[in-house]
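Listed below are the residues making up each chain.
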Amino acid sequence: MVETFYEVMRRQGITRRSFLKYCSLTAASLGLGPAFVPRIAHAMETKPRTPVLWLHGLECTCCSESFIRSGHPLAKDAVLSMISLDYDDTIMTAAGHQAEAILKEVMTKYKGNYILAVEGNPPLNQEGMSCIIGGKPFIEQLKHVAKDAKAIISWGSCASWGCVQAAKPNPTQATPVHKVIFDKPIIKVPGCPPIAEVMTGVITYMLTFDRLPELDRQGRPKMFYGQRIHDKCYRRPHFDAGQFAEAWDDEGSRKGYCLYKMGCKGPTTYNACSTVRWNGGVSFPIQSGHGCIGCSEDGFWDKGSFYDRVTDIQQFGVEANADKVGGAALGVVGAAVVAHAAVSAIKQSKNKSGNDQ
Amino acid sequence: MLSSQDMQEAAAHGRSVKAVYVYEAPVRLWHWVNALAITVLALSGWFIASPLPSQPGEASANFLMGYIRFAHFAAGYMLLVGFLGRLYWAFVGNHHARQLFVLPIFNGTWWKEVVFELRWYLFLERNPKKYVGHNPLAQFSMFTLFLTTTLFMIVTGFALYGEGAQEGSWSHTLFTSWVIPLFGQSQDVHTWHHLGLWVMGLFVLVHVYAAIREDIMSRQSMVSTMLSGWRMFKDDKP
Ligand code: HEM
Ligand code: HEM
Ligand code: SF4
Ligand code: SF4
């Protein structure tokens, strides 16, 4: 029998009192009411730990870096007690054949019952040669492990959307997970990286309730991605008042005015930064004086400057924003109207003096 | 109702009738309410994208951006409600009320008339024709430029509105939930919604110019028709 979370925690010398505290903290961080605390405790006491296989494709490891800094719950608790992180080539001790053997073992022993967590994405061009894991293209490993998984978590903007390696012209054809795996439930946890507490929160939810968190149309957990940064931003009163920073060193910047005119993407970005914040709730980009760059949104790397409010339109091939395109069109048509009016006036006067219409 | 309307028209195309009642009161009312709403939307939309210089004083003492956005959303609702009313009138009103919504694209003569009007605007025709309703070219541009743009702005506008109103609101359910995924993300919807401002601006520029020009140069009344509903003809010739 595999140990339950509770057994593992007790074995580690955690008291029942601390365990219950942990359950209420977890409930709070998931936005659940006190009524859920006993349910979480019950689940942890009775459910065996779920094996998680964590694969790495084309990525920068920022998701792993974020994950290990989780404070509520501590990443240590998540990794050691809640899940059984059986394979994660970046942080596991085993290497080479030993590591691949574990992968195989979990896949057969827990067929259809393990969770596949993917960090990064597979490149498809050059037959996948831009990312080789264990001597094979990553796409092969991904498809192989996904086959018997219960569900897939797409960590970060790489696995969810493609991220920087998929930026135009995307030479390696880096492709997000949902565009190569179609037959499994996929939970997108975008962000570059995603917030640590969001990552552990998603895992905790899945394990305690034995189901996927409620997802939005684009496959993101609603509890963390249901609102925009702008909806909960502490600078929002300055936005509504019409008080904006206009340069990085002006009076407005010093007074902590809204960063909208500096290109803040908070109004178009779904993430939990303005509520959960970063590094254990210490701060988040806007609090540190820089606008949101929209790192959890699809294609944020290709949407023009981080510092423009009205961003460039890539479709036209040239660098121009809506105001430049529209202004030019209006100018041309305006000039045409003036010219047309002039000719019309001449014609009208000729008609008048001529044959009277 | 229709038949009498048709009789009047037949008569107008014939000889001596000098005035025909074309735009019923609801259409005229809608026209001016709609024009007002679009003016407010264009101005407030511009200042949403490029806000005015910062307001002095405490944030709690100011609400400028809030008021501008409120004006935008209120006018947005006006546009929507007006549009629905106008759509209803297309069913119950006279047949000119339908011109905005249906292009007779399978009608060869209608296309000929479009070309004729084009030639008139290009100074290739010496004398204009008489039209009781919209002239075919005007109808064409109202459908392609005005109607489609308005629909596009309503759909993208309420999709953006639903983001603020959040899940569970009618605008989120009806629009945001599918429009944002369709465009990819919210920033794209903003960009296209913003482009719509300029397309609408183009329509208004050309439309107002053409209305005034036709008022002077054509053989029928224009601006006063949108005020009183009566189309007056300036001569008796067919
Ligand atoms: C935001 C500004 C405006 C918009 C969006 C707009 C839109 C429209 C639309 C959609 C129609 C077709 C009505 C229908 O079939 O139900 C129309 C007709 C008309 N509009 Fe406007 N309008 C605007 C401003 C104006 C102004 C300022 C004038 C006067 C100078 C004007 C004069 C007319 C006239 C005379 C007609 C009737 C044209 C005809 O009989 O063929 N409009 N307008
Ligand atoms: C002719 C019609 C309209 C015009 C010309 C117009 C124009 C604009 C413009 C230029 C923007 C700024 C876009 C940007 O972020 O760059 C905007 C934003 C917006 N519009 Fe409209 N709009 C129209 C109709 C509507 C309608 C019908 C609604 C529905 C209520 C609407 C709701 C919004 C919302 C919610 C925003 C975003 C506000 C924000 O980010 O604070 N618009 N509009
Ligand atoms: S700083 Fe950004 S997220 Fe915050 S209120 Fe301003 S625009 Fe919105
Ligand atoms: S504030 Fe915006 S850019 Fe920064 S981490 Fe959050 S979502 Fe990403």
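The following paragraphs examine the structure supplied in this document. (Residues numbered from 1 in each chain as written. Chains lettered and ligands numbered in written order. Predicted model: local features only at pLDDT ≥ 70, side-chain atom pairs only at ≥ 80, totals over all residues. Heavy atoms only, no water.)

What about the overall build of chain B?
From N to C terminus, chain B includes eight helices and two strands. Traced from its N-terminal end to its C-terminal end, chain B shows the element sequence α-β-α-α-α-α-α-α-α-β. Its C-alpha atoms give chain B principal-axis dimensions of roughly 70 × 35 × 30 Å. Put simply, of all contacts in chain B between residues at least 6 apart along the chain, 64% involve residues at least 24 apart. (Helix = DSSP H or I, 4+ residues; strand = E, 2+ residues; numbered from the N terminus. Contact = heavy atoms within 4.5 Å.)

Let's talk about the overall build of chain A
What chain A contains, in helices and strands, is 14 helices and seven strands. Here the C-alpha atoms of chain A give a radius of gyration of 27 Å, more than 25% beyond the 21 Å that 2.2 N^0.38 yields for 357 residues. In terms of overall dimensions, chain A has C-alpha extents of about 105 × 50 × 40 Å along its principal axes. Counting all 357 residues of chain A, 55% fall into the buried class. Considering only contacts in chain A between residues 6 or more positions apart, those separated by 24 or more positions represent 72%. As displayed, chain A offers around 15800 Å² of accessible surface, 58% of which is attributable to carbon and sulfur atoms. Of the charged side chains in chain A, 40 are positive and 34 negative; the average position of the first set lies 5 Å away from that of the second. (Rg over C-alpha atoms; globule rule 2.2 N^0.38 Å. Buried < 20%, exposed > 50% of the residue type's maximum accessible area, 1.4 Å probe, protein only. Areas by Shrake-Rupley, 256 points an atom, 1.4 Å probe, with all protein chains shown as cover. Lys, Arg positive; Asp, Glu negative; His and termini not counted. Charge placed at Lys NZ, Arg CZ, Asp CG, Glu CD.)

A look at the coordination of the iron atom of ligand 2
All names here are of chain B. Listed as protein donors to the iron atom of ligand 2 are His72 (NE2) and His193 (NE2); their distances from the metal cover 2.0 to 2.1 Å. Its six donor atoms give the iron atom of ligand 2 angles of 85 to 180° at the centre, a pattern that matches the octahedral case. Linking histidine 72 in helix α3 (residues 64-92) with histidine 193 in helix α7 (residues 186-217), this pair joins segments that are 121 residues apart in sequence. (Donors = N, O, S within 2.8 Å, 3.2 Å for Na, K, Ca; no water. Tetrahedral: all angles 85-135°; square planar, octahedral: opposite > 155°, others 65-115°.)

Section: the pattern of salt bridges
Tallied over the entire structure, the rule returns 18 salt bridges over all chains. Of the charged contacts in the structure, one is a salt bridge between arginine 16 of chain A and glutamate 45 of chain A, with a shortest N-O distance of 2.6 Å. Placement of arginine 16 of chain A in helix α2 (residues 16-29) and of glutamate 45 of chain A in helix α3 (residues 36-46) is noted, with a sequence separation of 29 residues between them. The class of arginine 16 of chain A is partly exposed, set by a relative accessible area of 34%. In this structure, a network of salt bridges that share partners links the residues Glu214 and Lys222 of chain A together with Glu167 of chain B. (Salt bridge = Lys/Arg side-chain N within 4 Å of Asp/Glu carboxyl O.)

Let's talk about the environment of threonine 108 of chain A
Within the element layout of this structure, threonine 108 of chain A appears in helix α6 (residues 96-109). For threonine 108 of chain A, the side chain forms a polar contact with the main-chain oxygen of lysine 104 of chain A, separated by 3.0 Å. (Polar contact = N/O pair within 3.5 Å; in protein donor to acceptor, adjacent residues only side chain to side chain.)

Describing the packing of aromatic side chains
The way to describe two aromatic rings as a pair is by their centre distance and the angle between their planes. Residue and element names in this part refer to chain B. Across all of its chains, the model carries 30 aromatic pairs over all chains by this definition. Ring centres of tryptophan 46 and tryptophan 198 lie 6.3 Å apart, and the angle between their planes is 90°; on these two criteria the pair is classed as edge-to-face. Here tryptophan 46, found in helix α2 (residues 25-49), pairs with tryptophan 198, found in helix α7; they are 152 residues apart in sequence, far enough to count as distant. Judged by relative accessible area, which is 31%, tryptophan 46 ranks as partly exposed. Here the aromatic rings of tryptophan 111 and phenylalanine 140 are separated by 5.9 Å at their centres, their planes lie at 65°, and the arrangement is edge-to-face. (Phe/Tyr/Trp six-rings, centres within 6.5 Å; stacked < 30°, edge-to-face > 60°.)

Brief notes about the nonpolar core
Residues and elements named next belong to chain A. Core analysis: the largest hydrophobic core is formed by 50 residues, its most contacted members being Phe19, Cys23, Ile153, Trp155, Val189, Val198 and Ile286. Top element by residues in this core is helix α9 (residues 196-209). It accounts for eight residues. Excluding residues within four positions of it along the chain, isoleucine 286 makes contact with Ile229, Cys233, Tyr234, Arg235, Leu259, Cys264, Gly291 and Cys292. In terms of nonpolar packing, the next biggest core, distinct from the first, is built from 30 residues, Leu55, Leu103, Ala159 and Ile181 among them. (Core = buried A, V, L, I, M, F, W, Y, C linked by side-chain atoms within 4.5 Å.)

A word on a nonpolar patch on the surface
Together, Trp32, Val204, Val208, Ile212, Ile216, Val223 and Leu227 of chain B make up a nonpolar patch on the protein surface, roughly 590 Å² of accessible area in all. Every element with two or more residues in the nonpolar patch is listed here: α7 and α8 (223-228) of chain B. (Patch = residues over 30% accessible without salt bridge, like charges linked within 9 Å, V, L, I, M, F, W, Y side chains within 5 Å.)

Quick word on the sheet that holds strand β1 (residues 50-56) of chain A
All names here are of chain A. Taken in spatial order, the five strands of this open sheet run β2-β1-β3-β6-β7, and their pairing is parallel. Each edge of the open sheet is held by one strand with a lone partner, namely β2 (83-88) and β7 (186-189). Neighbour to neighbour, the strand axes of the sheet diverge by 25° on average, direction disregarded. With four bridges connecting them, strand β6 (residues 149-155) and β7 associate as parallel partners. Bridge pairing in β7 places serine 154 opposite lysine 188. Its contacts with the sheet put α9 on β1, β2, β3 (114-119), β6 and β7, and the angle it makes with β6 is roughly 165°. (Pairing = 2+ DSSP bridges. Axes fitted to C-alpha atoms, helices over the stretch in contact; angles between N-to-C directions.)

A short note on the site of ligand 2
Around ligand 2 lies a shell of 19 residues, among which Arg69, His72, His190, His193 and His194 of chain B are the nearest. The environment around ligand 2 is built from residues contributed by chains A and B. At a separation of 2.7 Å, an oxygen atom of ligand 2 approaches a polar side-chain atom of histidine 190 of chain B. A distance of 2.6 Å separates an oxygen atom of ligand 2 from a polar atom in the side chain of histidine 194 of chain B. Looking at the shell around ligand 2 residue by residue, the class counts come to ten nonpolar, seven polar and two charged. (Near = heavy atom within 4 Å. Nonpolar A, V, L, I, M, F, W, Y, C, P; charged D, E, K, R; others polar.)

Notes on the coordination of the iron atom of ligand 1
Residues and elements named next belong to chain B. For the iron atom of ligand 1, the full set of protein donor atoms is His31 (NE2) and His207 (NE2), at a range of 1.9 Å. Viewed at the metal, the six donor atoms of the iron atom of ligand 1 are separated by angles of 87 to 179°, and the geometry they form is octahedral. Placement of histidine 31 in helix α2 and of histidine 207 in helix α7 is noted, with a sequence separation of 176 residues between them. By relative accessible area, histidine 31 is classed as buried at 16%. Judged by its relative accessible area of 24%, histidine 207 falls in the partly exposed class.

Structural notes on the interface of chain A and chain B
Size of an interface, as often reported, equals the accessible area lost when the parts are brought together. Listed as interface residues are 53 residues of chain A and, on the opposing side, 54 residues of chain B. Both faces combined, the contact of chain A with chain B buries some 4400 Å², and carbon together with sulfur accounts for 54% of it. Remark: the boundary between chain A and chain B carries three salt bridges. With its nearest N and O atoms 3.4 Å apart, the salt bridge here joins aspartate 188 of chain B to lysine 303 of chain A. (Buried area = accessible area lost by both parts, 1.4 Å probe.)

Focus on the packing of α6 of chain A against helix α7 (residues 138-146) of chain A
All names here are of chain A. Following both chains from N to C, one finds α6 and α7 inclined at 30°, their axes separated by 11 Å at the closest point. In terms of axis orientation, α6 runs roughly parallel to α7. Of the residues in α7, those in contact with Glu100, Leu103 and Met107 of α6 are Gln141, His144 and Val145. Here the residues of the contact of α6 with α7 are counted per class, giving three nonpolar, two polar and one charged. (Parallel < 35°, antiparallel > 145°, perpendicular 65-115°, else oblique.)

Digging into the side chain of glutamate 119 of chain A
Residue and element names in this part refer to chain A. Along the chain, glutamate 119 turns up in strand β3. Although glutamate 119 is buried, it makes no salt bridge; arginine 69 carries the closest opposite charge, 10 Å away. Engagement of the side chain of glutamate 119 in a polar contact is seen with the side chain of tryptophan 54, the distance being 3.0 Å. Only 3.4 Å separates the side chain of glutamate 119 from the backbone nitrogen of cysteine 63, close enough to count as a polar contact.

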